[in-house]
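Secondary and tertiary structure notes
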Amino acid sequence: MKLKQWYGVRSLVFDPDNEFYEERTVIVLANSKDGALTKVAKHTNEYCKSVGLEDCLYSEVFKLVDKDIGDLTEVYSCMRYSDFTPKQYVNKFLATGDEVNLE
């Protein structure tokens, strides 16, 4: 039997009442990447039902490199090639001005 490993899984859900998307990242202990996706799909579906959101059926998996999960453990990473400057990249993908902060 394959040993379980930690994965960070980012999923996308939609709030139809407030018309915004939420990117959620959770950590999962699973035997494989596919196992992590299956576990998160079930969890995301239950989460959406409990709070009235729609599951967008989109997830990305990141295998954690750290063996000990704790303070400052990287739980998700997305790498992409781009010709953008750092400021252009942030404005295009991260700080678009459409973010919702529900503090």
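What you see is a predicted model; the values in this text were computed from it and never measured.

Quick notes on the overall build of the chain
Of the regular secondary structure elements, the chain holds 2 helices and 3 strands. Each helix and strand of the chain, ordered N terminal to C terminal, gives the series β-β-α-β-α. Its C-alpha atoms give the chain principal-axis dimensions of about 45 × 35 × 25 Å. Out of the 103 residues belonging to the chain, those deemed buried represent 21%. Here the chain displays about 8000 Å² of accessible surface, and carbon together with sulfur accounts for 52% of that area. Computed over 13 positive and 18 negative side-chain charges, the inter-centroid distance for the chain is 9 Å.

Some remarks on the environment of Asn 101
Among the secondary structure elements, Asn 101 is positioned in the segment after helix H2 (86-94). Asn 101 sits 17 residues away from Phe 84 along the chain, and the two C-alpha atoms are 26 Å apart.

What counts and what doesn't
- Residues numbered from 1 in each chain as written.
- Predicted model: local features only at pLDDT ≥ 70, side-chain atom pairs only at ≥ 80, totals over all residues.
- Heavy atoms only, no water.
- Helix = DSSP H or I, 4+ residues; strand = E, 2+ residues; numbered from the N terminus.
- Buried < 20%, exposed > 50% of the residue type's maximum accessible area, 1.4 Å probe, protein only.
- Areas by Shrake-Rupley, 256 points an atom, 1.4 Å probe, with all protein chains shown as cover.
- Lys, Arg positive; Asp, Glu negative; His and termini not counted.
- Charge placed at Lys NZ, Arg CZ, Asp CG, Glu CD.

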